[in-house]
Amino acid sequence: MPQSSIGPKDTVGDIYYKTYTEEARGDAPHHAPWGLKQKDTFLEFGACRDWFLNSFPPVEVNRQRARTHDGLYHAYVVGEANARAANHQIVCEWRTVVKERAEWEKYRDRLVRQVKDSDKAKASFAEEKSKFDSDRN
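Note that the structure is a prediction, hence the values are computed from the model and not measured.

Rules of the game
Sequence order as written defines the numbering, with residues in each chain counted from 1. Under the rules for a predicted model, residues below a pLDDT of 70 receive no local features and side-chain atom pairs below 80 are neither given nor counted, while totals for whole chains, interfaces and linings still include all residues. Only hydrogens and water are removed before side-chain values are computed, so all heavy atoms of the structure are retained for them. Think of it this way: any DSSP run of H or I at least four residues long counts as a helix, any run of E at least two long counts as a strand, and we number them from the N terminus. Note that the radius of gyration is over C-alpha atoms, with the globule rule given as 2.2 Å times the number of residues to the power 0.38. The cut-offs for exposure are 20% and 50% of the maximum accessible area for each residue type, with area from a 1.4 Å probe on protein chains only; residues under the lower value are buried, those over the upper are exposed, and the others partly exposed. Contacts are assigned to residue pairs that have any heavy atoms within 4.5 Å of one another. Working definition of accessibility: Shrake-Rupley area with a 1.4 Å probe, residue cover restricted to the visible protein chains. Asp and Glu count as negative and Lys and Arg as positive, but His and the ends of the chain are not part of the count. For the purpose of locating charges, the reference atoms are NZ of Lys, CZ of Arg, CG of Asp and CD of Glu. Just to be clear on terms, a salt bridge is a Lys or Arg side-chain nitrogen sitting within 4 Å of an Asp or Glu carboxyl oxygen. In this description, one arc is meant: the one made by directions from the helix axis to the C-beta atoms. Patches here are clusters of residues that have more than 30% relative accessible area and form no salt bridge, with a 9 Å joining cutoff for like charges and a 5 Å cutoff for nonpolar side chains (Val, Leu, Ile, Met, Phe, Trp, Tyr). Under the pairing criterion, centres of Phe, Tyr and Trp rings, with the six-membered ring standing for Trp, must be within 6.5 Å; the plane angle then separates stacked pairs below 30 degrees from edge-to-face pairs above 60, leaving the rest tilted.

Novice: Can you walk me through the overall build of the protein in this structure?
Specialist: Of regular secondary structure, the protein possesses five helices and zero strands. The linear arrangement of helices and strands in the protein, starting from the amino end, is α-α-α-α-α. The C-alpha radius of gyration computed for the protein amounts to 31 Å, which surpasses the reference 14 Å derived for 137 residues by more than 25%, pointing to a less compact arrangement than a globule. Expressed as lengths along the three principal axes of its C-alpha atoms, the size of the protein is roughly 110 × 30 × 30 Å. The buried share of the protein, reckoned over its 137 residues, is 8%. Taking the contacts inside the protein whose residues are at least 6 apart along the sequence as the reference set, 35% of them involve residues at least 24 apart. Total accessible area computed for the protein in this model is approximately 12200 Å², and 58% of it derives from carbon and sulfur atoms. Side-chain charges of the protein comprise 23 positive and 22 negative groups, with the mean position of each set lying 4 Å from the other.

Novice: Teacher, can you tell me more about the pattern of salt bridges here?
Specialist: Between side chains of opposite charge, pairing is possible as soon as their charged atoms come close. Applying the stated criterion to the full structure yields six salt bridges. Linking Glu80 and Arg84 is a salt bridge whose minimum nitrogen-to-oxygen distance equals 3.3 Å. Remark: Arg84 and Glu80 occur in helix 5 (residues 69-136); sequence separation between them is four residues, near one turn of the helix. Exposure remark for Arg84: the relative accessible area of 58% places this residue in the exposed category.

Novice: Help me understand helix 3 (residues 45-54), please; the structure alone is not making it clear to me.
Specialist: The α-helix advances 3.6 residues per turn, and as a result positions three or four apart in sequence lie on the same side. Along helix 3, the residues that are buried comprise Ala47, Asp50 and Asn54. For helix 3, the angular spread of buried residues about the axis comes to 65°, placing them on one side. Turned more than 90 degrees away from the buried face of helix 3, the exposed residues are Phe45 and Phe52. Looking at the packing, one finds that the buried side of helix 3 touches helix 1 (12-18).

Novice: Please explain a nonpolar patch on the surface as it appears in this structure.
Specialist: The grouping of Tyr73, Tyr76 and Val77 at the surface amounts to a nonpolar patch, some 360 Å² of accessible area in total. Tyr76 gets classed as exposed once you look at its relative accessible area, which sits at 53%.

Novice: How do you make sense of the packing of aromatic side chains when you look at a structure like this?
Specialist: Two numbers describe a pair of aromatic rings. These are the distance of the centres and the angle of the planes. A complete count under the given rule lists three aromatic pairs for this structure. An angle of 75° between the planes, with centres 5.0 Å apart, marks the rings of Trp51 and Phe52 as edge-to-face. Chaining the aromatic ring pairs together yields one cluster made of Phe42, Trp51, Phe52 and Phe56.

What follows is the structure, given as structure tokens:
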């Protein structure tokens, strides 16, 4: 009889990943088997660890597990460098977007004031025209 790779201290997540087969669950939606609660924050180590351990679908976990140590290291370095470079660009663009948004809001406020002033001027003109027309008659 084959020995089970599931140990007595395995979590629900461990069992979820260890029992995955593409034939049995390959097309099923991935439901992360974590213990995260809606009140958890990523300021807590346990919640972060749980998210990292359980957020990826089993086939991706198995794909990464099949890599060599050098392959994992290479993927890590390339991935981290790309993530950090993207984060840098996002921060740079965010500053620009915030600045542009502030300028747009000032522009919008100015246009709203101009529309109100224009509406007042139209109403005043209509009133003056009405007086003029009544005085002419």
